[in-house]
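Residue-level structural notes
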Amino acid sequence: MKPHRIGIIGVGQTKYVTRRDDVILPELAREAAVIALEDAGIEFKDIDAIVFSLALDALEGVEGAEKWCAGTVGGFRKPFLRVHTGGATGGSAVHTGFFHIASGLFNCVLVLGAEKMGETHEAQNVLNQIFDPIYERQVAINAVNMCSFQAMRHMKKYGTTEYHLALVAVRSRKNALRNPYAHIKKEITVEEVLNSRVICYPLKLYDCCPRSTGACAVVMASERFIRKLNKRDVAWIKGVASCTNTYFMGDRMDDSGINDHADAEGLFLAAKRAYEMAGISDPKKEIEVAEIYAPFTTTELSAVEALGFCEKGESGISNERGVFDIDGKIPVNPSGGVLTANPISVTALARVAEAALQVMGKAEERQVEKARTAVATGEGGSLQFYTVTVLSDEM
Amino acid sequence: MKDDLIFIAQRWDIEFKHAAGETASTFFKAIMQRREILGRLCPKCKRVLLPPRSFCERCFVETSEWVKVGGEGKIQSFTIVYEKFEGLPPPPYAIAYVLLDGASTAMVNFVKGLDLNNLDQAIKKIKIGAKVKVAFKRKREGRITDFWYELV
Amino acid sequence: MKVAIIGVGQTSYGNKKHQSIDELVFEATKKALDDSGLEREEIESVVTAGSDALDGRGISNMVIAGGSGAYLKDEVKVADGGIYGLILGYLRVASGVFDNSLIVSWTKSSEVSTDLVSNLSFEPLYLRSCGLNSITSLALQTSTYIGRADVKDEDAAKVVLKNRENGLKNPLSHPLQKPSIKEINSSRFVSYPLRESYLPPESDGACALVIASKKRAKSLKKNCAWILGLGWVIDEYYAGDLIVETRHGVSLPLLKRSSEMAYKMAGVENPISEIDVAEVSDVTPYHEMMIYEALGFCRDREGKVLIRDGTTKMGGGLPVNPSGGILSSNPIFTSSLVRVAEGALQVMRKAGKRQVKNAKVALAQGFTGMSTQGSCVVILGS
Ligand SMILES: [Zn+2]
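Residues numbered from 1 in each chain as written. Chains lettered and ligands numbered in written order. Predicted model: local features only at pLDDT ≥ 70, side-chain atom pairs only at ≥ 80, totals over all residues. Heavy atoms only, no water.

So, about the overall build of chain A. Within chain A, the secondary structure is distributed over 14 helices and 11 strands. Here the C-alpha coordinates of chain A stretch approximately 55 × 45 × 40 Å along the principal axes. Per-residue burial for chain A yields a buried fraction of 73% across its 395 residues. Here the contacts in chain A between residues at least 6 apart in sequence split such that 77% fall between residues at least 24 apart. Element-wise, carbon and sulfur atoms account for 48% of the exposed surface of chain A, whose accessible area totals about 11700 Å². Both charge centroids of chain A, one from 44 positive and one from 50 negative side chains, sit 4 Å from each other. (Helix = DSSP H or I, 4+ residues; strand = E, 2+ residues; numbered from the N terminus. Buried < 20%, exposed > 50% of the residue type's maximum accessible area, 1.4 Å probe, protein only. Contact = heavy atoms within 4.5 Å. Areas by Shrake-Rupley, 256 points an atom, 1.4 Å probe, with all protein chains shown as cover. Lys, Arg positive; Asp, Glu negative; His and termini not counted. Charge placed at Lys NZ, Arg CZ, Asp CG, Glu CD.)

In structure tokens, the structure reads:
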């Protein structure tokens, strides 16, 4: 297989907030598109195809809401495709944009989406509907407690504590202060996290992400297109991979320890494939910044282990040592991550966008020094779908 | 126009009749008629799947026979919910994945019969590895909530 | 890079109350794998295609993952009709990253009111409260066409008769009675000008394909269906914008555009003589005639001529929908992938009693969205 030379040349994000009552969903998506196109230095007419990142229709209240947005975001009479893997949707959308160009059919693809979940009365009610109506839904599972199950197993297996979870929340909040797009911009202490009210034990209020509204877009292009444009700030896509795990979480909870719900096995496999494609053999040394899809503190702990940033079970202690701080060995979520903004449809896309900004050297106040190779992840379903994207400033 | 915007209230109210299929129907009937929990055996990897499925996604073959699993098992993971979520029961309640004796995969359900008002007291009793037994509703109607777990 | 369809798997279509949704998917996937000769272990990519709202699940590929063979595989869902799954599968294999891919689509409309779900496809500000659903929006489109192209009720009845008679030869078809022209002509209007007999049945079913790179496909040394051309575009969401244009222009301008994209890629210059068989989305009989025009099988407004002179019948110059089409079986979200599957069976010479003789080039066509907002064309060759 010949190497693919495909890069991100433009990034656009709106500020993530609780609600946006001044615009409808298509208009919100267009805001991000306009910013990304301007960043890339191109116009709507230069776009060959569009990939739309939209997760749960029920959160928008319109079935197939991407079709409502299509014309407004420049899709009129263009190839247009929507992907949906729950929280991982944005990662899947970037990969789909990559495959559009890698197929040889297209040179410039707009990947974008928008989220207006602020208009649903209760998001967790919708998220309960992702579970099986025959065997599981009536047992009151939702997106919070599916992660509680993960936390409990991680604690039991490795001795991780609620204190370790709190460290993740504190760091994310601190980083978010530097990010103008973050939704939650208020520092907290470990004590405040530990004393916040219990939502689903052991997860407390500050272990959880907010519900955010906002849009995100990236422009992806072929080497030929980039050369013609004479573009210098490029985040090259070095590796893309995803992995789908089993639906029923109980299948990941036997005593074998294999494919364990504590361990994000799907992320481990996706990372392995993406690293291989990117030629990365030692992620600890070669990855210089990571944007991880972790809507709950516990998800990040399992994720850094699966990504090979530390050994299994050592994420808690690594957090104590500051390994993942913005000036640490492998800075994780310098943007503040999902704990400070979670517009589900575009959350994983924003991870890629933030990672791209890092390797382009355009992350401003949240820039990690000398970050030249970055990894961005997505996670969706019952900790079931994982996407991994490796980016670099080098072609 | 900052303060004079219009909001259109809408509900998604779609009724579904999900076909449980022959496999899940057999499982629910065994609960209704005989208070038995049945799993499905994969002929290739020999796992006993619970909840039962008609095929094994790993080996990609049909599961071959019904296996009655034990009425007791071990908690593999749990949570206690203290937040009121729309559409879900009033808190607090505990839910757990339990590996029933003879099964290869864990099945989720409520854990009842435990005072949850004091978290610290509750988590002294409910733990990963703790033994539970299956308890059945008196009037069963072919739903997963026809049974629940209780600590032994 | 060239990509080929190497395996086709379909359930039969109809009411599938004995199977849960993932069991339906498992059946089709297993059949496609068996047909391709590949084991699940060899599969590198899975693309699923379905509708959460029809399935009553927030993220429907969660439950579908197992049955679609996706366990620990690189899988992605297009939240759209099955033919869009084929497109993404093609892009993934053509990129060279994957050697092969499964493509799986499913529909279980017997579990839900599709009228209600399609109404929710209309945004709540201007459209949802105006009596719109999939049927009434197709009726609006049809009445514009009738006025413009002078199509008769009898022409529509002939399309229905043709496709339903074809469907009787398809063992997978939704079980329906053989219709008489009198029954078709006299059935009640559901939404004028659409009669009850002009609307497809609602079917449950699943369809799966295995596609592979040129190298892999050649190594199998068997008949396969080469993907020669693809075209897909989306049009305005607000059908009112289109109706104005359609009155003065061609039928289904966006389908014309996507067919041009596919023809260009496949090198097709004269569709009526180069294409041997077509499987199109006859969501109503009038739409089949509009499709003829947009695909360039005839001139604008002359779709009715191909029906009147029998060109698109079995044995005619260009048989359309030998499988019976959507008017015979309609697993809604999956119907467009069924068109590709049937087109593939034709060029692989595996279409049994519905086989078109010497079929070398097939065209498959699908729609997405309300009022056929998006459309897709796939050209297959033997
Ligand atoms: Zn097995």
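Moving on, there is more to tell.
Moving on to the packing of helix 4 (residues 82–94) of chain C against helix 16 (residues 335–347) of chain C. All names here are of chain C. Taken N-terminus to C-terminus, the directions of helix 4 and helix 16 make an angle of 60 degrees; their axes are 5 Å apart at the nearest point. Compared by their axis directions, helix 4 and helix 16 come out oblique. Where helix 4 abuts helix 16, its residues Gly82, Ile83 and Leu86 lie against Ser336, Leu337 and Val340. Looking at side-chain class alone, the contact of helix 4 with helix 16 contains four nonpolar, two polar and no charged residues. (Axes fitted to C-alpha atoms, helices over the stretch in contact; angles between N-to-C directions. Parallel < 35°, antiparallel > 145°, perpendicular 65-115°, else oblique. Nonpolar A, V, L, I, M, F, W, Y, C, P; charged D, E, K, R; others polar.)

The next subject is a nonpolar patch on the surface. Together, Ile6 and Ile8 of chain B together with Leu125 and Tyr126 of chain C give the surface a local cluster of nonpolar side chains, amounting to about 450 Å² of exposed area. Positionally, Leu125 of chain C belongs in the loop between helix 5 (114–119) and helix 6 (134–149). We classify Leu125 of chain C as partly exposed; its relative accessible area is 33%. (Patch = residues over 30% accessible without salt bridge, like charges linked within 9 Å, V, L, I, M, F, W, Y side chains within 5 Å. Salt bridge = Lys/Arg side-chain N within 4 Å of Asp/Glu carboxyl O.)

Once that is clear, we can look at the interface of chain C and chain A. At the interface, 56 residues of chain C touch 55 residues of chain A. At the boundary of chain C with chain A, total buried surface from both sides reaches about 4600 Å², with 62% on carbon and sulfur atoms. It is Met62, Leu72 and Ile234 of chain C in chain C that bury the most area against chain A; as a group they hold 16% of the surface buried on that side. Taken together, the connections running from chain C to chain A amount to three salt bridges. The salt bridge involving Lys67 of chain A is made with Asp80 of chain C; its shortest N-O contact spans 3.3 Å. One can count 25 residue pairs in polar contact (both at pLDDT 80 or more) joining chain C with chain A. Counting only elements with at least two residues in the side of chain C that touches chain A, the list comes to helix 2 (52–55), helix 3 (61–67), strand 3 (74–78), helix 4, strand 8 (225–234), helix 10 (239–248) and helix 11 (253–266) of chain C. (Buried area = accessible area lost by both parts, 1.4 Å probe. Polar contact = N/O pair within 3.5 Å; in protein donor to acceptor, adjacent residues only side chain to side chain.)

Bringing the nonpolar core into the picture now. Among the nonpolar cores identified, the biggest contains 147 residues, and Phe309 of chain A together with Phe27, Ile37 and Phe147 of chain B are the most heavily contacted of them. When residues of this core are sorted by domain, at least three fall in each of domain 1 (6–121 + 212–235) and domain 2 (123–210 + 238–392) of chain A. Other than its neighbours up to four places away in sequence, Phe309 of chain A contacts Tyr275, Pro283, Lys284, Ile287, Ala290, Ile292, Val304, Phe324, Ile330, Val332 and Val375 of chain A. Membership of the second largest hydrophobic core comes to 87 residues, among which are Phe106 and Val109 of chain A together with Cys207 and Leu337 of chain C. (Core = buried A, V, L, I, M, F, W, Y, C linked by side-chain atoms within 4.5 Å. Domains from an automatic or database assignment.)

Compared with an ideal rise of 1.5 Å per residue, which puts 16 residues at 22 Å, helix 1 (residues 21–36) of chain C spans 23 Å between its outermost C-alpha atoms and is within 8% of the ideal. After helix 1 of chain C finishes, the residue Gly37 of chain C shows a positive phi value of roughly 85 degrees. (Expected span 1.5 Å × (residues − 1).)

A metal bound by six donors in octahedral fashion has ideal angles of 90 or 180 degrees, whereas one bound by four tetrahedral donors has an ideal angle of 109.5 degrees. Every protein donor of the zinc ion is accounted for by Cys42 of chain B (SG), Cys45 of chain B (SG), Cys56 of chain B (SG) and Cys59 of chain B (SG), and the metal-donor separations fall at 2.3 Å. Between the four donor atoms coordinating the zinc ion, the angles at the centre fall across 103 to 114 degrees, so the site counts as tetrahedral. (Donors = N, O, S within 2.8 Å, 3.2 Å for Na, K, Ca; no water. Tetrahedral: all angles 85-135°; square planar, octahedral: opposite > 155°, others 65-115°.)

Turning to the domain arrangement of chain A, a few remarks are in order. All names here are of chain A. Once the domains are mapped, chain A shows domain 1 (6–121 + 212–235) and domain 2 (123–210 + 238–392). Here the C-alpha centroids of domain 1 and domain 2 sit 23 Å apart. Taken together, the contact pairs 48 residues of domain 1 with 42 residues of domain 2. Summed over both partners, the interface of domain 1 with domain 2 comes to about 3200 Å²; 70% of that surface belongs to carbon and sulfur atoms. For the pair domain 1 and domain 2, the number of links is one salt bridge. Two residues, Lys362 and Asp39, come together in a salt bridge whose shortest N-O distance is 2.9 Å. The interface formed by domain 1 and domain 2 contains 13 residue pairs in polar contact (both at pLDDT 80 or more). Broken down by secondary-structure element, the contributors of at least two residues to the side of domain 1 that touches domain 2 are strand 1 (6–13), helix 2 (57–60), helix 4 (89–102), strand 4 (108–116) and strand 7 (213–222). Here the side of domain 1 that touches domain 2 takes eight residues from helix 4, the largest share from any one element. The residue inventory of the side of domain 1 that touches domain 2, partitioned by class, reads 24 nonpolar, 19 polar and five charged.

Further remarks concern the side chain of Asn170 of chain C. All names here are of chain C. If you trace the backbone, Asn170 turns up in the loop between helix 7 (153–167) and helix 8 (181–186). A polar side-chain atom of Asn170 sits 3.1 Å from the main-chain carbonyl oxygen of Ser323. Excluding residues within four positions of it along the chain, Asn170 makes contact with Ser323, Glu342 and Arg354.

Bringing the sheet that holds strand 2 (residues 48–49) of chain B into the picture now. Residue and element names in this part refer to chain B. The three strands lie next to each other as 2-1-5, forming an open sheet whose pairing is antiparallel. For this open sheet the edge positions go to strand 2 and strand 5 (65–68), each flanked by a neighbour on one side alone. Bridge analysis of strand 1 (residues 38–41) against strand 5 gives four bridges, and the strand direction is antiparallel. Across the sheet, residue Leu38 finds its bridge partner in strand 5, namely Lys68. Against the sheet, helix 1 (residues 21–34) contacts strand 1 and strand 5, and its axis sits at roughly 150 degrees relative to strand 1. (Pairing = 2+ DSSP bridges.)

Taken as a whole, this structure holds 21 aromatic pairs over all chains when the rule is applied. Members of the aromatic cluster, each reached through a chain of ring pairs, are Tyr135, Tyr247 and Phe248 of chain A together with Phe27 and Phe28 of chain B. In this structure, Lys112 of chain B is placed above the aromatic ring of Trp148 of chain B, and the distance from its NZ or CZ to the ring centre is 4.3 Å. Lying across the ring of Trp226 of chain C, Lys2 of chain C places its NZ or CZ 4.8 Å from the centre. (Phe/Tyr/Trp six-rings, centres within 6.5 Å; stacked < 30°, edge-to-face > 60°. Lys NZ or Arg CZ within 6 Å of the ring centre and 35° of its normal.)

Moving on, we come to the packing of helix 7 of chain C against helix 13 (residues 285–294) of chain C. All names here are of chain C. For the pair helix 7 and helix 13, the least separation of the axes is 8 Å and the interaxial angle reads 90 degrees. Relative to helix 13, the element helix 7 lies roughly perpendicular. On helix 13, the residues touching Asp153, Asp155, Ala156, Val159, Val160, Lys162 and Asn163 of helix 7 are Pro285, Tyr286, Glu288, Met289 and Tyr292. When its residues are assigned to classes, the contact of helix 7 with helix 13 shows seven nonpolar, one polar and four charged.

Per the counting criterion, the structure on display carries 55 salt bridges over all chains. Salt-bridge contacts for Glu162 of chain A lead to Lys204 of chain A; the nearest nitrogen and oxygen are separated by 2.7 Å. Of this pair, Glu162 of chain A sits in helix 7 (residues 162–176) while Lys204 of chain A sits in strand 6 (residues 203–204); the two residues are 42 residues apart in sequence, bridging distant segments of the chain. Measuring nitrogen to oxygen at the nearest pair gives 2.8 Å for the salt bridge that ties Arg354 of chain C to Glu342 of chain C. Pair noted here: Arg354 of chain C is in the loop between helix 16 and strand 10 (361–368) and Glu342 of chain C is in helix 16, with a separation of 12 residues, a long-range link. Assigned by exposure class, Arg354 of chain C and Glu342 of chain C land together as buried. Three or more residues joined by partner-sharing salt bridges are found here, namely Asp57, Glu66, Lys67 and Arg82 of chain A together with Asp80 of chain C.

Here we take up the pairing of strand 7 (residues 204–213) of chain C. Residues and elements named next belong to chain C. Burial within strand 7 is extensive, with 10 of its 10 residues counted as buried. Here seven bridges tie strand 1 (residues 3–10) to strand 7, and the two strands are oriented antiparallel to one another. Residue pairing for strand 7: Ala4 is matched across the bridge by Ala212. Taken together, the nine bridges between strand 4 (residues 100–108) and strand 7 define a ladder with antiparallel strand orientation. Note that in strand 7 the partner of Ser101 across the bridge is Ile211.

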